[in-house]
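Residue-level listing of the chains:
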Amino acid sequence: MSAIAAKPGANAGAFQPVASVIAIILAIIFIGVAYFLGNSGILAGGAMLPAQTLVGIIVGAALIAFGVHFVPVGGAPAAMGQSPGIATGVAMLATGAGLAGLFGGAWAASLGFGVALAGGAIGGGLMMAITCLMVNISYVYGMGIPAASGKVEKDPITGDSQAAYKSQGTEGHGLPFISYVGGVIGGLFGGLGGTLIYIELLDFYNASFPALNIAGEGASALAVGLAGIFAIGMFLVIAVLSAYNITGTIEGPHDPKFKRFPRAIVAAICASGICGLVALLVVAIL
Amino acid sequence: MSVKVEASHDGIPHNKVMGMGLILALVSLYIAVAASYAGIQYLAFFGGIAAVGALIWGNSTIKKLCSYGIGTGVPSAGMLAFGSGVIAMLFAAKLAVISPFIVPIAGLIIALIVGLILGWITNSVLNMKIPVMTRSIAELAAVGCLALMGLTVVATGHVTFAEITSINFEFLGVSMNFYDVSYIGAGIIAVSFMLGAIALQHPFNACLGPGENQDRINMLTIECGFLSMIVMAVISFAFVNSIAAWISLIIALIGWYWSYKKYFALSKRDAAAWLDAKPFSDAEE
C-alpha cells in the first residue's frame, strides 16, 4: 500500500498558514499552562522551571523534525534497488539514530549540559555514518549497483554526474555522496534533539522528586527511567509525524521534498507541546 | 492526495470491533485493578487479556488507516500509537493518587485528547487530508495506552504510579522504598513498550494484500498479544509472588498455543496451495 502513497499529489507540499498559526498558538498556550501550573505550585520548581523545560523539549522536538528531513529514507523501493536511500522506513531509521544519540547523551549527562548534547549529537551522527557506509557496501558489492541520484543531475557537493549511472525505469539507486552527508547531518540533529528532550526532563524530574517524597535508594535511577521512556515516546511521535510530512521516502537535502520541513517543524512544536506538558504533569504535586 | 485501497470488506464492521475490543480491555483492566486494590495478585493475568482486547481494536484501526496510503508503512502507526500512549498511560497512573479505579478510564480519555491533537496536526498542519486520520490517531493513542497498561498489570500487578515506580521491602523490620529496581526505574517499561508496539503493528503488516481476511488478522493479533504476554509474565516473577506469575505464564502459554494453532489453520485455509515441506528430504526415495 505504501507503493501507491509514494506518489503524492501536486499540493502535498503546500504550507498551511491558518493551521500552522493555530498550532503555534496552541504550543504557546501549552507553555502558558506549564508556567501557570508552576506558579500555582502544582508543578515543582517555581513558575519558570516548568516553562523553561517545556521550551527545551519543544526546541529538541523541532531539531528532530528538521533532522529527519536530511536522512535518506528509501523504504521498500530502495530494498529492491529502485530508488536511492536506506532500505527502511523513517520510524526505524530516525529511531535508530535518535536512540543511539540518546544513549550517548545519557551516558555523558553527568559531565554537564554541553558535553551531553555533543555526545548525543555525535552518537546519532556516528550511527548514521556507519549505517550509510554499510548500506552502500551492501548496495555496491552485494547487489552490484552504483550510487546514483534520480532527483538531481549533478551531486551538489562533489559535482559528479548522476544521470549516466542511473538505470532505466528506476528513480536512482544506492546512496550518492550528498545522501550520505545528509544522513550524517540528520543523525547529528536527531541525536541532539533527543538528548535535549531527555536532559530537560531529567533535570525537571530530579528537581521535582523531593517535593513528592521520592528520595533515597535509586531515586536518580527512577528519574533516568522516566525521562528515558518519555524521550523515546516523544522522539517516536515527532519522527513519525515528520515521516508523514515527507510521505515516506526522501533522498536527502537535495530532494524537492526537503523544502517541506517548515511544516514538520510547526507540527513538532505543537505535538511536543502537548506531549511535553503531559510528561511534566506526571510529577505534579496532587 | 490519498488513494483509498479497499481492504477486505468481509466480517465485522470497524465500530463493532472497536466496541468489543474497548469493552474487553476496560473490563479486564477493572478486574485487575479491583484485584490489586483488594490485595489479590493472582488476577494479574487479566492485564494480558486487556492488552489483547486493545490490540484487536488497534489492528482494526490500523487496517482502516492504512487502507489510505500513508506512505510510511504500517509499523510507523504502531510506533506513533505507543509513543503517545506511554505518555498518557503514565499520567493516568499518576492520577491513582485520587483513586486507583479512575486509572483505566483516565488513561483512555487522556490518550484520546493527546491523540486528537496529534491527529489534527497530521491532517491540517501536515496536510495529509485523509478523512479517517484524526479519529484513527486518537484511537491508536488510546490503544497504545490501554495495551501498555495491560502489559504493565501483567508484569507488576498494579497500575498506580507509586507501585510501578517503587518496590517496598521490609528489611530488618524497617520498610524501605527502592526505586531503581522498580518497573520504571529498571527500564522494564521500555521492554513492554516495544513488545506492545510490535504486537500492534505486526498483524496487519503481515496479512495485508490480496486474500487478506479479518478473522485471520484478528487471530494473529491475539497470537502476538499472548506472545508479548509470555515475556511480561516471565518478567513478573520479579514483581509479584511466584504463584501469580506462574498463573500468568501458563495462561499466556495456553493462549499463545491455541491462537497459533488457529492462525496456522486459517493460513492453510486462505493459502492457494499448501506444500508440507520437510526439513530433510529422504535420500532413498
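Calculation rules
Residues numbered from 1 in each chain as written. Chains lettered and ligands numbered in written order. Predicted model: local features only at pLDDT ≥ 70, side-chain atom pairs only at ≥ 80, totals over all residues. Heavy atoms only, no water. Helix = DSSP H or I, 4+ residues; strand = E, 2+ residues; numbered from the N terminus. Rg over C-alpha atoms; globule rule 2.2 N^0.38 Å. Buried < 20%, exposed > 50% of the residue type's maximum accessible area, 1.4 Å probe, protein only. Contact = heavy atoms within 4.5 Å. Buried area = accessible area lost by both parts, 1.4 Å probe. Salt bridge = Lys/Arg side-chain N within 4 Å of Asp/Glu carboxyl O. Expected span 1.5 Å × (residues − 1). Core = buried A, V, L, I, M, F, W, Y, C linked by side-chain atoms within 4.5 Å. Axes fitted to C-alpha atoms, helices over the stretch in contact; angles between N-to-C directions. Parallel < 35°, antiparallel > 145°, perpendicular 65-115°, else oblique. Left-handed = near helix turned anticlockwise from the far one by under 90°.

Within chain B one finds nine helices and two strands. The C-alpha radius of gyration of chain B comes to 20 Å, within 12% of the 19 Å expected for a compact globule of 285 residues. By its C-alpha atoms, chain B is 70 × 65 × 30 Å across when sized along the principal axes. By the burial criterion, 59% of the 285 residues in chain B qualify as buried. A separation threshold of at least 6 residues defines the contact pool for chain B, and within that pool the share at least 24 residues apart is 73%.

Here the focus is the interface of chain A and chain B. Reports of interface size often rely on the accessible area that becomes lost once the parts have come together. Each partner contributes to the interface: chain A provides 57 residues, whereas chain B provides 51 residues. For the chain A and chain B pair, buried surface summed over both sides reaches about 4600 Å², with 81% attributable to carbon and sulfur atoms. Our count for the contact surface shared by chain A and chain B stands at zero salt bridges. Counting only elements with at least two residues in the side of chain A that touches chain B, the list comes to helix H1 (2-5), helix H2 (17-39), helix H5 (90-107), helix H8 (219-245) and helix H9 (261-281) of chain A.

A few words now on H2 of chain A. Spanning 23 residues, H2 of chain A covers 33 Å between terminal C-alpha atoms, matching the ideal 33 Å at 1.5 Å per step. Looking at H2 of chain A, one finds that the buried residues are Ala-19, Ser-20, Ala-23, Ala-27, Phe-30, Ala-34, Leu-37 and Gly-38 of chain A. Those residues of H2 of chain A hidden inside the fold are in contact with helix H3 (48-68) and H9 of chain A together with helix H4 (103-125) of chain B. At the C-terminal side of H2 of chain A, Gly-41 of chain A shows a positive phi close to 85 degrees.

To continue, consider the nonpolar core. In this structure, Leu-201, Tyr-205, Phe-230 and Tyr-244 of chain A together with Leu-90 of chain B are the most contacted members of the largest nonpolar core, which totals 181 residues. The biggest single contributor to this core is H8 of chain A, with 19 residues. Beyond its immediate stretch of four places on either side in the chain, Leu-201 of chain A contacts Thr-53, Ile-57, Ala-227, Phe-230, Ala-231, Met-234, Ala-279 and Leu-280 of chain A.

So, on to the packing of helix H7 (residues 188-207) of chain B against helix H8 (residues 214-235) of chain B. Residue and element names in this part refer to chain B. Following both chains from N to C, one finds H7 and H8 inclined at 165 degrees, their axes separated by 8 Å at the closest point. Here H7 is positioned roughly antiparallel relative to H8, judged by the angle of their axes. Every pair of crossing elements has a handedness; the one defined by H7 and H8 is right-handed. Of H8, the residues touching H7 (which contributes Ile-188, Val-191, Ser-192, Leu-195, Ala-199, His-202, Pro-203, Phe-204, Ala-206 and Cys-207) are Arg-216, Ile-217, Leu-220, Thr-221, Cys-224, Gly-225, Ser-228, Val-231, Met-232 and Ile-235.

At a closest axis distance of 9 Å, the pairing of H9 of chain A and helix H3 (residues 74-94) of chain B adopts a crossing angle of 30 degrees. Considered as vectors, H9 of chain A and H3 of chain B are oriented roughly parallel to each other. Relative to H3 of chain B, H9 of chain A is oriented so that their crossing is left-handed. Contact residues: H9 of chain A offers Cys-275, Val-278, Ala-279 and Leu-281 of chain A, while H3 of chain B offers Ile-87, Phe-91 and Lys-94 of chain B.

Without other data, these values stay purely geometric and don't point to any function.
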